[in-house]
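# Structural overview for review
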Amino acid sequence: MAHFALVAPPLMGHLNPTLALADSLRQRGHRTTYFGPIDCADAVTRTGAAFHALGAKSHAPGTLAARQAALGKVSGMRGMATTIWHMVNDTRMLGAQLPNALTQAGCDAVICD
């Protein structure tokens with residue numbers, strides 16, 4: 001069977017559907033590994049998917065909770081700009097670290113949100 005890499009923004013609205021897909025793939029006999037910030041590890045491993053941490057410096061433990069708290073305090077154009085800044089930061093981290101991590105893990109395919 002295949003080994004699927006799963007990559008999604010570290011937000012529950014993206015992570016949960018990705019993990020549902022991982023569950024479906026595992027039920028069919030495939031391996032699944034989510035690649036992302038350490039703050040996602042508990043949610044991922046509870047579903048039975050493997051987890052590979054990325055962003056040890058830029059996305060240290062507690063970073064996502066702090067991000068959510070900060071985003072809850074802004075709105076309008078400032079909220080949008082802050083959200084975009086975080087997305088850029090996430091994308092930079094993935095671009096720098098994901099290719100090597102995928103090679104090391106021996107993934108056959110990538111499912112990316």
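Higher on the page you've got the structure.
Attention here is on the structure that accompanies the text. The model shown is predicted, which means the values in this text are computed figures rather than measured ones. (Residues numbered from 1 in each chain as written. Predicted model: local features only at pLDDT ≥ 70, side-chain atom pairs only at ≥ 80, totals over all residues. Heavy atoms only, no water.)

So, about the pattern of salt bridges. Counted by the stated rule, this structure contains one salt bridge. Notably, a salt bridge pairs Asp23 with Arg26, separated by 3.3 Å at the nearest N-O pair. Of the two residues, Asp23 and Arg26 are both situated in helix α1 (residues 12-27); the distance of three residues between them amounts to about one turn of the helix. Residue Asp23 is classed as partly exposed on the basis of its relative accessible area, which comes to 31%. (Salt bridge = Lys/Arg side-chain N within 4 Å of Asp/Glu carboxyl O. Helix = DSSP H or I, 4+ residues; strand = E, 2+ residues; numbered from the N terminus. Buried < 20%, exposed > 50% of the residue type's maximum accessible area, 1.4 Å probe, protein only.)

Once that is clear, we can look at the packing of aromatic side chains. Applying the stated rule across the entire model yields one aromatic pair. Taking 6.1 Å as the distance between ring centres and 20° as the angle between the ring planes, the aromatic pair formed by Tyr34 and Phe51 counts as stacked. Placement of the pair is Tyr34 in strand β2 (residues 31-36) and Phe51 in strand β3 (residues 50-53), with a sequence separation of 17 residues. (Phe/Tyr/Trp six-rings, centres within 6.5 Å; stacked < 30°, edge-to-face > 60°.)

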